[in-house]
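Coordinate analysis (summary)
Listed below are the residues making up each chain.
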Amino acid sequence: MGHEIAGRAAGEGAEVVMAGRRPEAITAPDGGRTIAVDLADESSIARAAQELGPVDGLVVLAADHANGPVTTLDADRVRRALDAKVVGPVLLAKHFAPAMPQDGVIVLFSGVVSSRPGPELVVMATANRAAEGLADALAIELAPIRVVSVSPGIVDSGSWDGLGAEGKQRFLEATAASYPAGRVGSPGDVAQVVLLALTNPFLTGTTLHVDGGGRLA
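In this text the structure is predicted, and so the values were computed from the model without any measurement.

What follows is about the nonpolar core. Counting 24 residues, the largest nonpolar core has Ile45, Leu92, Phe96, Ile106, Leu142 and Val147 as its most contacted members. Of all elements in the fold, only α2 (42-52), α3 (75-96), β4 (105-109) and α4 (122-142) reach the threshold of two or more residues within this core. The element contributing the most residues to this core is α4, with five residues. Setting aside residues up to four positions removed in sequence, Phe96 forms contacts with Ile45, Ala48, Ala49, Leu52, Val55 and Leu58. Core analysis: the second largest hydrophobic core is formed by 15 residues, Ile5, Phe109, Val190 and Val193 among them.

Rendered as structure tokens:
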């Protein structure tokens, strides 16, 4: 997903910097570069902000899932999930927003489970809903810098490969049949909406649902 978004942004002429805990494992688009950032470590966020200087936009894709029955959840895993979706983005705003231009933009990621929580997804649903609320709150505090959240549905991005070929096919076909759009999403679907969030100057304090109607199914 991140590579699709970065590639499309680079195709529009943006200078792309991709960040992660292990930058050596990241492939940036032609002309792009990588940098180390750990959203659970404020000092690494501060260093990145100092190294990069002013940026026009941030897209925060980080996720750290803590799925399972609530009676079995580990507190550290829960905290890591919230660090990725909530605490880390707050700290990114803290260190990057002061140097962003007035027409800068921050894009956070939620997910369809925010609207359709299910068994064993309590942490994911909570973190995603919190990301949407954070986008609203930051849009007010950081204005006129824009803040938008993007909420994808089920996307065939490789996340489901662990089900095996047959299991993945059954899952995606069943999901597609239940979605009003009649199909699951692609990374390109999501990247297109992220580019909209980055470039439309009248979008802020809102969640863009790119879920094929899945939250309604």
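Read on, since the account is not over.
This part takes up the pattern of salt bridges. Evaluation of the coordinates by the stated rule reveals 11 salt bridges. Arg215 is the salt-bridge partner of Asp211, the closest N and O atoms lying 3.1 Å from each other. Connected via shared salt-bridge partners are Asp156, Asp161 and Lys168.

This part is about the pairing of strand β5 (residues 146-152). Counted residue by residue, β5 has seven buried out of seven residues, so it is predominantly covered. By the bridge criterion, five bridges tie β4 to β5 in an arrangement that is parallel. Each residue of the ladder has a partner; that of Ile106, found in β5, is Val147. In this view, the connection linking β4 to its parallel neighbour β5 by way of α4 has right-handed handedness. Note that β5 and strand β6 (residues 206-210) share five bridges and pair parallel. Residue pairing across strands places Val150 opposite Leu208, the latter belonging to β6.

Let us now look at α2. Those residues of α2 not exposed but buried are Ser44, Ile45, Ala48 and Ala49. Looking straight down α2, one finds that the buried residues subtend no more than 140 degrees of arc, so they occupy a single side. Exposed and oriented more than 90 degrees from the buried face of α2 are Arg47, Gln50 and Glu51. Buried residues along α2 sit in contact with β2 (33-36) and α3. Gly53 lies just past α2 and shows a positive phi near 70 degrees.

With 15 residues, helix α5 (residues 164-178) should cover 21 Å at 1.5 Å per step; its first-to-last C-alpha distance of 21 Å lies within 8% of that length. If you check which residues of α5 are buried, you get Gly167, Lys168, Leu172, Thr175 and Ala176. What you see down the axis of α5 is that its buried residues fit within an arc of 160 degrees, all on one side. For α5, exposure combined with an orientation more than 90 degrees from the buried face picks out Glu166, Arg170 and Ala177.

This part takes up the packing of α2 against α3. At their nearest, the axes of α2 and α3 sit 9 Å apart, and the two run at 35 degrees to each other. Of the two possible hands of crossing, α2 and α3 adopt the one that is right-handed. Across the interface between the two elements, Glu42, Ile45, Ala46, Ala48, Ala49 and Leu52 of α2 pack against Gly88, Leu91, Leu92, Lys94, His95 and Phe96 of α3. For the contact of α2 with α3, the residue count by class is eight nonpolar, two polar and two charged.

One open sheet accounts for four strands, arranged β3-β4-β5-β6; its pairing is parallel. One side of each edge strand has no neighbouring strand; the edge strands of this open sheet are β3 (57-59) and β6. Recorded for the sheet is a direction-independent mean angle of 20 degrees between the axes of neighbouring strands. Across three bridges, β3 lies against β4 in parallel orientation. Across the sheet, Val59 pairs through a bridge with Val107, a residue of β4. Packed on one face of the sheet, helix α6 (residues 187-199) meets β3, β4, β5 and β6 and runs near 165 degrees to β5.

Criteria and cut-off values
- Residues numbered from 1 in each chain as written.
- Predicted model: local features only at pLDDT ≥ 70, side-chain atom pairs only at ≥ 80, totals over all residues.
- Heavy atoms only, no water.
- Core = buried A, V, L, I, M, F, W, Y, C linked by side-chain atoms within 4.5 Å.
- Buried < 20%, exposed > 50% of the residue type's maximum accessible area, 1.4 Å probe, protein only.
- Helix = DSSP H or I, 4+ residues; strand = E, 2+ residues; numbered from the N terminus.
- Contact = heavy atoms within 4.5 Å.
- Salt bridge = Lys/Arg side-chain N within 4 Å of Asp/Glu carboxyl O.
- Pairing = 2+ DSSP bridges.
- Right-handed = clockwise from strand over helix to strand, strands pointing away.
- Arc of directions from axis to C-beta.
- Expected span 1.5 Å × (residues − 1).
- Axes fitted to C-alpha atoms, helices over the stretch in contact; angles between N-to-C directions.
- Left-handed = near helix turned anticlockwise from the far one by under 90°.
- Nonpolar A, V, L, I, M, F, W, Y, C, P; charged D, E, K, R; others polar.

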